[in-house]
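Here is how the chains run, residue by residue.
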Amino acid sequence: MNAGRRFSQAISEGDGISLVALVERQGDESLIETETADAVMVSPAHTGLISAVRSRTELPIVAQWPGHPPADLEGIDACLLPVDSDREWLERVQDELRERIELAFLIEDDEHMETALEAFDPEIFVLGASDKPGDEALEGVLDLLPDVPAGKLAIADLADVSLDELGALERAGFDGVIVEPSRLAGLAPVEPPEV
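Below is a short write-up of the structure. In this text the structure is predicted, and so the values were computed from the model without any measurement.

### So, the overall build of the protein chain
Moving on, step 1. From N to C terminus, the protein chain includes seven helices and eight strands.
Moving on, step 2. Taken over the C-alpha trace, the protein chain has a radius of gyration of 16 Å; the compact-globule value for 195 residues is 16 Å, and the two agree within 12%.
Moving on, step 3. Each principal axis of the C-alpha atoms in the protein chain carries an extent, and together these give about 55 × 35 × 30 Å.
Moving on, step 4. Total accessible area computed for the protein chain in this model is approximately 9800 Å², and 45% of it derives from carbon and sulfur atoms.
Moving on, step 5. Within the protein chain, the 43 negative side-chain charges are centred at a point lying 5 Å from the centre of the 13 positive side-chain charges.

Here's what the structure looks like:
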């Protein structure tokens, strides 16, 4: 693993909730504010986009591939695996990658949570509700949080989160949230004035 860029360490250290910038297309990487974000999510990942992000930042990169992760994981610190994928595929990918990079598991419902806990025992849970609109998405991730075991990391996948929703996630105990890079500045904590 890249000891200097461990994803879990970046999310768990510091005060407050960590912001993970979501890069989905070429050009989004120019919006990453490294003084605001703690990590970068590249989804769907491909070599060109990962290289473009890595050239702009030393922040940890977590990648989600539309298919099987490539053999060359240069520049990647973690991989996001959707629990709704074929179970045999997930087991094979976990076996191949767990000694090389950190693994995070995307969970979107109670059934996914049960599968993740029983079969994979993740250290990093990414809780999403992509099938729910607006406030329902927030409620969806909040409903999943109590099932995340103590001591594990919980990250909300709410790309268009508002400042009020960010506060609700932090109060509930989330360690991080995946957000659109254009929202980073508006979600950054306000530094108190120097006295």
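### Overview of the pattern of salt bridges
Moving on, step 1. Taken as a whole and assessed by the stated rule, the structure comprises eight salt bridges.
Moving on, step 2. Between Arg98 and Asp95 there is a salt bridge, with the nearest N and O atoms lying 3.0 Å from each other.
Moving on, step 3. On the accessibility criterion, Asp95 (47% relative accessible area) is partly exposed.
Moving on, step 4. In the salt-bridge network here, residues are joined through shared partners; they are Glu24, Arg25 and Asp28.

### Section: the side chain of Lys152
Moving on, step 1. Here Lys152 lies in the loop between α5 (134-144) and β7 (153-157).
Moving on, step 2. Here Lys152 falls in the buried class, since its relative accessible area comes to 16%.
Moving on, step 3. From its side chain, Lys152 meets the backbone oxygen of Pro122 in a polar contact 3.3 Å long.
Moving on, step 4. Setting aside chain neighbours within four positions, we find Lys152 in contact with Asp121, Pro122, Glu123, Phe125 and Asp175.

### So, a negative patch on the surface
Moving on, step 1. On the surface, a cluster of negative charge is made up of Asp84, Asp109, Asp110, Glu111, Glu114, Glu118, Asp131, Asp135, Glu136, Glu139, Asp143 and Asp147.
Moving on, step 2. Every element with two or more residues in the negative patch is listed here: α4 (110-120) and α5.
Moving on, step 3. Mapping Asp147 onto the fold places it in the loop between α5 and β7.
Moving on, step 4. Overall, Asp147 belongs to the partly exposed group, its relative accessible area being 37%.

### Observations concerning the layout of surface pockets
Moving on, step 1. One number sums up the size of the second largest pocket: a volume of about 330 Å³.
Moving on, step 2. Broken down by element, the residue count for the lining of the second largest pocket peaks at three residues, all from α5.
Moving on, step 3. Grouping the amino acids of the lining of the second largest pocket by side-chain chemistry returns eleven nonpolar, four polar and six charged.

### Details of helix α6 (residues 163-172)
Moving on, step 1. When α6 is considered as a whole, its buried residues turn out to be Glu165, Leu166, Gly167, Ala168 and Leu169.
Moving on, step 2. Those residues of α6 hidden inside the fold are in contact with β1 (18-23), α5, β7, β8 (176-179) and α7 (184-187).

### Digging into the nonpolar core
Moving on, step 1. Counting residues in each nonpolar core, the largest one holds 52 residues, and the members touching the most others are Leu127, Leu158, Leu169, Phe174 and Val177.
Moving on, step 2. If we ignore the near neighbours within four places in the chain, the residues touching Leu127 are Ile107, Met113, Val141, Leu144, Leu145, Val148, Ile155, Ala156, Asp157 and Phe174.
Moving on, step 3. Counting residues in hydrophobic clusters, the runner-up holds 17 residues, among them Met41, Ile124, Val126 and Ala159.

### Description of unusual backbone geometry
Moving on, step 1. Residues Ser43 and Pro44 are joined by a peptide bond in cis, for which omega reads -5°.
Moving on, step 2. Among the structural elements, Pro44 can be located in the loop between β2 (39-42) and α2 (47-56).
Moving on, step 3. Positive phi values are uncommon outside glycine, yet Asp121 reaches one of about 45°.
Moving on, step 4. For Asp121, the position within the fold is in the loop between α4 and β6 (124-128).
Moving on, step 5. Judged by relative accessible area, which is 46%, Asp121 ranks as partly exposed.

### Section: the pairing of β6
For a regular strand, side chains alternate in direction, first toward one face of the sheet and then toward the other.
Moving on, step 1. Among the five residues that make up β6, five are buried, leaving the element largely enclosed by the rest of the structure.
Moving on, step 2. As defined by bridge partners, strand β5 (residues 102-107) adjoins β6 across four bridges and the pair is classed as parallel. Pairing of Phe105 across the sheet is with Phe125, part of β6.
Moving on, step 3. After leaving β5, the chain enters α4 and then returns to the sheet as β6, a path that is right-handed.
Moving on, step 4. Crossover handedness for the path β6 to α5 to β7: right-handed.

The rules behind these values
Residues numbered from 1 in each chain as written. Predicted model: local features only at pLDDT ≥ 70, side-chain atom pairs only at ≥ 80, totals over all residues. Heavy atoms only, no water. Helix = DSSP H or I, 4+ residues; strand = E, 2+ residues; numbered from the N terminus. Rg over C-alpha atoms; globule rule 2.2 N^0.38 Å. Areas by Shrake-Rupley, 256 points an atom, 1.4 Å probe, with all protein chains shown as cover. Lys, Arg positive; Asp, Glu negative; His and termini not counted. Charge placed at Lys NZ, Arg CZ, Asp CG, Glu CD. Salt bridge = Lys/Arg side-chain N within 4 Å of Asp/Glu carboxyl O. Buried < 20%, exposed > 50% of the residue type's maximum accessible area, 1.4 Å probe, protein only. Polar contact = N/O pair within 3.5 Å; in protein donor to acceptor, adjacent residues only side chain to side chain. Contact = heavy atoms within 4.5 Å. Patch = residues over 30% accessible without salt bridge, like charges linked within 9 Å, V, L, I, M, F, W, Y side chains within 5 Å. 1 Å grid on protein atoms, 1.4 Å probe; cavity = no way out; pocket = protein on both sides within 12 Å on 5 of 7 lines; lining within 4 Å. Points joined across faces, edges and corners; volume = space filled by probe spheres on them. Nonpolar A, V, L, I, M, F, W, Y, C, P; charged D, E, K, R; others polar. Core = buried A, V, L, I, M, F, W, Y, C linked by side-chain atoms within 4.5 Å. Pairing = 2+ DSSP bridges. Right-handed = clockwise from strand over helix to strand, strands pointing away.

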